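# Observations on the model geometry
Here is how the chains run, residue by residue.
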Amino acid sequence: MVVTRMGDGSFITMTRDEVLRDVEEGVADAVKRGKIEPLSSDEIEHIVDICCRPQKFVSVEKGNELVLTYDSGTLKVTRLGIPIGMPQILQLYERVFGADSLELAYVHYSFKPIKSIVPEEQYAVAETSLVTTAPLLYGAMPNLPLYTKPDGPCENAAELLPMGKIEEAKRAQEEAAEYAIKDMVFVSSGVYEAGADGIDFDTTAAAGDAEFYATLKATEILREKYPDMAIEIGMAGEFVLGFHGSIEYDGVRLAGLYPHKQVGLAEKAGASVFGAVVNTNSSRTFPWNLGRAVTFCKACREAANIPVHANVGMGVGAVPLVMTPPIDCVSRASTAMAEVGKMDGL
Amino acid sequence: MDKQEFLDKVAQSVIDSDEELAEQLAKQALEEGMDPLEVINKGYVVGIKQVGDMFECGELFLPELIQSAEAVKKATEILNEAIAGGEEKKAKGKVLIATVEGDIHDIGKAIVVSLLVANGFDVVDMGRDVPVADIIAKAEEFGAQVIGTSALLTTTMVRQQELEKALVEKGLKGKFKTVVGGAPVTVRWAEKIGADAYAENAGEGVNKIMQLLEG
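Along each chain, residues carry numbers from 1 onward, in the same order as the chain's sequence is written. Each chain is given a letter, starting from A, and each ligand a number, starting from 1, according to the order in which they appear as written. pLDDT decides what is reported in this predicted model: residues at 70 or higher carry local features, side-chain atom pairs at 80 or more are listed and counted, and totals for whole chains, interfaces and linings draw on all residues regardless. Side-chain metrics rest on all non-hydrogen atoms present in the structure, leaving aside hydrogens and water.

## Some points on the overall build of chain A
Runs of E in the DSSP output that reach at least two residues are strands. Runs of H or I that reach at least four are helices, and both are numbered from the N terminus. Assigned secondary structure in chain A consists of twelve helices and ten strands. Only C-alpha atoms enter the radius of gyration, while the globule expectation follows 2.2 Å times N to the 0.38, with N the number of residues. Against the 2.2 N^0.38 benchmark of 20 Å for 346 residues, chain A shows a C-alpha radius of gyration of 20 Å, consistent with a compact globule. Taken over the C-alpha atoms alone, chain A extends approximately 55 × 50 × 35 Å along its principal axes. Per-residue accessibility, obtained with a 1.4 Å probe over protein chains only, is compared with the maximum for each type, and a residue is labelled buried under 20%, exposed over 50%, and partly exposed between these values. When each of the 346 residues of chain A is scored for burial, the buried share is 58%.

## Observations concerning the domain arrangement of chain B
All names here are of chain B. Partitioning chain B into domains gives domain 1 (3-86) and domain 2 (94-214). Centre-to-centre, using C-alpha coordinates, domain 1 lies 29 Å away from domain 2. Note on contacts: a residue pair is in contact if any heavy atoms of the two residues lie within 4.5 Å. Between domain 1 and domain 2, the residue contacts involve seven residues of the former and six residues of the latter. Buried surface at the junction of domain 1 and domain 2, summed over both partners, amounts to about 580 Å²; 75% is from carbon and sulfur atoms. One speaks of a salt bridge when a side-chain nitrogen belonging to Lys or Arg is within 4 Å of a carboxyl oxygen belonging to Asp or Glu. Taken together, domain 1 and domain 2 are joined by zero salt bridges. The start and end points of each domain follow an automatic or database-based domain assignment. Computed with a 1.4 Å rolling probe, the buried area is the accessible surface lost when two parts are put together, summed over both parts.

## So, the interface of chain A and chain B
On the chain B side, the residues contacting the 34 residues of chain A number 26 residues. Summed over both sides, the interface between chain A and chain B buries roughly 2300 Å², with carbon and sulfur atoms accounting for 62% of that surface. Of the charged contacts in the structure, one is a salt bridge between E64(B) and R253(A), with a shortest N-O distance of 2.9 Å. The term polar contact refers here to a pair of N or O atoms within 3.5 Å; inside protein, the definition further demands a hydrogen-donor-capable atom paired with an acceptor-capable atom, and it admits residues adjacent in sequence only when both atoms are side-chain atoms. Connecting chain A to chain B are eight residue pairs in polar contact (both at pLDDT 80 or more).

## Some details on the packing of aromatic side chains
Two aromatic rings from Phe, Tyr or Trp, using only the six-membered ring of Trp, form a pair when their centres are within 6.5 Å; if the ring planes differ by under 30 degrees the pair is stacked, by over 60 it is edge-to-face, and anything between is tilted. This model, assessed by the stated rule, comprises eight aromatic pairs over all chains. Each ring, one from Y70(A) and one from Y93(A), has its centre 4.7 Å from the other, and the planes form 65 degrees; the classification is edge-to-face. Here Y70(A) is found in the loop between α2 (41-52) and α3 (73-78), whereas its partner Y93(A) is found in helix α4 (residues 86-95), with 23 residues between them in sequence. By relative accessible area, Y70(A) is classed as partly exposed at 27%. Y93(A) gets classed as buried once you look at its relative accessible area, which sits at 5%. Through a chain of ring-to-ring contacts, the aromatic side chains of F239(A), Y258(A), F296(A) and F61(B) assemble into a single cluster.

## Points about the environment of V58(A)
Residue and element names in this part refer to chain A. Mapping V58 onto the fold places it in the loop between α2 and α3. Of the residues examined, V58 reaches a relative accessible area of 5% and is grouped as buried. Residues V58 and I47 lie eleven residues apart in sequence; the distance between their C-alpha atoms is 12 Å. Excluding residues that lie within four positions of it along the chain, V58 makes contacts with I50, R53, S331, R332 and T335.

## Remarks on helix α9 (residues 209-225) of chain A
Residue and element names in this part refer to chain A. In this scheme, a helix's expected span is set at 1.5 Å multiplied by one less than its residue total. Its 17 residues give α9 an end-to-end C-alpha distance of 24 Å, which sits within 8% of 24 Å, the value for a rise of 1.5 Å per residue. Along α9, the positions that sit buried rather than exposed are D209, A210, E211, F212, Y213, A214, T215, L216, A218, T219 and L222. On its buried face, α9 sits against α8 (166-193), β5 (198-204), β6 (230-235), β7 (248-249) and α10 (259-269).

## Here's the deal with the sheet that holds β5(A)
Residues and elements named next belong to chain A. One open sheet holds the six strands; their spatial order is β3-β4-β5-β6-β9-β10, and the pairing between them is parallel. Only two strands of the sheet have a single neighbouring strand rather than two, namely β3 (102-104) and β10 (308-310). Across the sheet, the axes of successive neighbouring strands diverge by a mean angle of 25 degrees, strand direction being ignored. Bridge count for β3 against strand β4 (residues 136-140) is three bridges, and the pairing is parallel. Counterpart to L102 in the pairing with β4 is L136. All axes are obtained by fitting lines to C-alpha atoms, using only the stretch in contact for helices, and the reported angles, taken between N-to-C directions, cover 0 to 180 degrees. With respect to the sheet, helix α6 (residues 118-131) is in contact with β3 and β4, its orientation differing from that of β4 by roughly 150 degrees. In short, DSSP must find at least two bridges between two strands for them to pair.

## Here's the deal with the side chain of S13(B)
Residue and element names in this part refer to chain B. The topology assignment puts S13 in helix α1 (residues 3-15). Here the side chain of S13 touches V10 through a polar contact of 2.5 Å, landing on its backbone oxygen. Other than its neighbours up to four places away in sequence, S13 contacts D18, L21, A22, L25 and Y44.

## Observations concerning a negative patch on the surface
Within the patch definition used here, like charges are joined within 9 Å and nonpolar side chains (Val, Leu, Ile, Met, Phe, Trp, Tyr) within 5 Å, considering only residues with over 30% relative accessible area and no salt bridge. Throughout, the Shrake-Rupley method with a 1.4 Å probe supplies accessible areas, and for residues the shown protein chains are the sole cover considered. Counting rule applied: Lys, Arg positive; Asp, Glu negative; His and chain ends not counted. Taken as the charge centre is NZ of Lys, CZ of Arg, CG of Asp or CD of Glu, depending on the residue. Residues E167(A), E168(A), E174(A) and E178(A) make up a contiguous surface patch of negative charge. Structurally, E174(A) is set in helix α8.

## Points about α4(A)
All of the buried residues along α4(A) are P87(A), I89(A), L90(A), Y93(A) and E94(A). Projection of α4(A) onto a plane perpendicular to its axis shows the buried side chains occupying an angular sector of 160 degrees, all on one side. Here the arc refers to the directions that run from the helix axis out to each C-beta atom.

## A closer look at the sheet that holds strand β3 (residues 146-150) of chain B
To summarise the sheet geometry, strands pair through backbone hydrogen bonds and adopt either a parallel or an antiparallel arrangement. All names here are of chain B. Judged by pairing direction, the sheet is parallel, and its five strands sit side by side in the order β2-β1-β3-β4-β5 without closing on themselves. Across the chains shown, the open sheet's two edge strands, defined by having one partner strand only, are β2 (122-125) and β5 (197-198). Inspection of the sheet shows strand β1 (residues 94-99) paired to β2 by four bridges, in the parallel sense. The residue of β2 that forms the bridge with K94 is D122.

## Section: the pattern of salt bridges
All names here are of chain A. Under the criterion given, the structure shown has 31 salt bridges over all chains. One salt bridge in this structure joins K115 and D183, with 3.3 Å as the shortest N-O distance. Placement of the pair is K115 in the loop between α5 (111-114) and α6 and D183 in helix α8, with a sequence separation of 68 residues. Given a relative accessible area of 6%, D183 falls into the buried group. A cluster of three or more residues bridged by salt bridges with shared partners is formed by D29, R33, E238 and R292.

## A word on the nonpolar core
Here, nonpolar core refers to any group of buried Ala, Val, Leu, Ile, Met, Phe, Trp, Tyr and Cys residues whose side-chain atoms link them within 4.5 Å. Formed by 155 residues in total, the largest nonpolar core has its most connected members in F201(A), L254(A), F274(A), L290(A), Y44(B) and L116(B). Examining the composition of this core, we find that twelve residues originate from one element, α8(A), more than from any other. Counting contributing residues per domain, this core is built from domain 1 (3-86) and domain 2 (94-214) of chain B, each supplying no fewer than three. In this structure, F201(A) is in contact with F111(A), A140(A), M184(A), S188(A), T215(A), A218(A), T219(A), L222(A), I231(A), E232(A), I233(A) and G234(A), ignoring residues within four places of it in sequence. Of all hydrophobic cores here, the second largest spans 16 residues; its members include L96(B), V124(B), I136(B) and A166(B).

## Digging into the environment of G198(A)
Residues and elements named next belong to chain A. Note that G198 resides in strand β5. When the C-alpha positions of G198 and P142 are compared, they lie 15 Å apart, and in sequence the two are 56 residues distant. Sequence-distant contacts of G198, that is, excluding residues within four places in its chain, are made with L136, L137, Y138, Y192, M229 and A230.

And the structure:
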C-alpha cells in the first residue's frame with residue numbers, strides 16, 4: 001500500500017493502481033478545463049512512481065535541480081516571532097535555505113500601503129543589497145480590493161454585482177485598476193532605483209481579470225522605463241476570474257485564461273519570469289492534484305519563451321492545504337514539477 | 001415553431017443573457033396560451049441551469065451570470081402573474097451569507113450570493129467583517145434556514161468555529177444549517193468545528209445548500 005494524503009493533508013492509503021487512476025483523472029481534469037494536451041503514459045507513470053516511493057522525502061536525479069525562489073521571504077520568518085531584521089532574514093535564505101533569489105517584502109505586502117513608506121523600503125533594499133549576493137527582488141501584491149470602498153475611493157464591485165449593477169461594477173474595477181497601476185509603477189520604480197534587481201508582482205489576479213490587467217499594464221510601463229529590470233508575475237490561481245468579464249489586454253479577453261494563455265500575455269507585457277499557479281482541491285487526493293498541477297504547468301512551460309517557476313506551497317502546486325505544508329508532498333510535487341513539468345524554477 | 005423549439009429559444013435567451021428577448025418570449029407564451037409553469041420549468045430553469053454549468057467550467061463569467069439571472073427574474077415575474085391564484089413560485093430557501101469578522105475578502109462571497117440568487121434562493125448578504133453575534137441576530141430576524149460563512153485567512157477561519165459554538169450555546173444549532181467555505185477551509189475543518197457542510201467552490205455551495213434543505 002502507498003501512504004499518501006488528501007488535499008486537506010489527512011493521511012490515506014491507496015494501492016498503486018488507485019494512485020495511477022487518480023493521477024490519470026487529475027490529468028484528464030486539466031485537459032478538459034484548460035483544453036491542453038495530456039501527459040504521455042510515460043510521464044504519468046513517472047508521477048505515479050514519485051507518489052509511490054516509500055521515502056518520506058524524495059528528490060530529483062542529479063542534473064534536474066531547479067532554481068529555487070521564495071515569495072514574501074521576509075514575512076515568513078517574521079511571522080514566527082523571531083526578532084530579526086529584514087537583511088538578516090534574507091541572509092538566512094541565501095546562506096542557509098539555499099535560495100537562488102531573494103525577496104524583500106513589507107508586512108502588509110500590498111502596493112497601496114507601501115507607497116507611503118517607499119523611502120523606508122528603499123533603505124531596507126539598499127542595506128540588504130550590501131550584505132547579500134543573490135538577485136534581490138522586491139515583492140508585493142497588486143491587491144485591487146484595497147482601492148474599493150470601504151478601503152479605497154472606488155465603488156466596490158463585490159457589492160454592486162450581486163445587486164445587478166453590472167456596468168457600475170465594471171467601471172469601478174477599471175477605475176481601481178488605474179489607481180493600482182500608478183502605485184505599482186511608483187513603488188517598483190522606487191525600490192529598483194534604490195538597488196533592487198527587480199520586482200515580484202505576487203498573487204496577481206486574486207481579484208480577477210481587472211487586477212491581471214493592472215499588473216500587465218504596470219509591467220509594460222516599467223519595462224519601457226527600465227529595460228534591464230527583472231519583473232516576475234506570480235499568479236494567485238490557475239484561472240483568471242471574470243469579475244469584470246470583458247476587460248482585455250492586447251486584444252485578448254483576460255477572463256477565463258489558464259496558465260498556458262496567461263504566460264503569453266505576461267511575456268508580451270515585458271515580464272522576465274512567470275509564476276504559474278495551480279490550485280489544490282482539498283477534497284481530492286494528492287496524486288489527483290499532482291497529475292492535474294503538472295499537466296497545467298507543463299503546458300504553460302511549453303507555451304512560454306520566458307522562464308516559468310511553478311508555485312509549490314500551501315494549497316497550490318498539489319501541496320495540501322495545511323498551515324505547515326508536509327514535506328512528503330512538497331518534495332514529491334517539486335520533483336514532479338522538475339522532472340515531468342520541466343519547470344525552470346520553483 | 002413547435003413547443004420544444006419555443007422552449008429551446010427561451011432557454012437560449014437566458015444563456016445569451018438577453019433580457020429583452022426573455023421578457024418578450026414570456027409575453028408571447030401567455031398570448032399563445034401556453035402553461036406558464038411549463039415555460040418556467042422547461043425553458044427558463046433549463047437555461048439558468050446551463051448558465052450555471054458554463055460558469056462552473058469557466059466558459060461564462062460573473063457579469064453574464066448575473067444578467068442571465070436578471071433575465072429569468074423579469075420573465076418569470078410576467079409568467080407568475082398569470083399562474084392560477086396569482087401564487088408566485090416560492091423561493092427555494094432562505095440563506096444568510098457573511099464573511100466573518102476580521103476578514104475583508106468578499107469576492108468569493110459575491111459569487112456565491114449571485115449563484116444562489118440565480119438559483120432562486122432568497123438571500124441576505126451581510127457583507128464582510130461581520131461579528132458572530134450579528135450573524136446570529138440577523139439569521140433570527142430573517143428566518144434563515146442556512147447560514148453560510150466565508151473566511152479567506154487562516155487567522156479568521158476560527159470565527160467559523162466561534163459561530164458553531166455560539167449556536168450550540170444558544171440552543172440554535174438545529175435551527176440553522178451551517179455551510180463553511182473560503183480558501184484555507186477544508187472538509188476536515190468543517191467536520192472539526194461541527195459545521196453541517198463544506199463547499200469547495202460557489203457551485204458546490206449551491207448544491208450543498210440544496211442538499212441541506214432537502215435533508
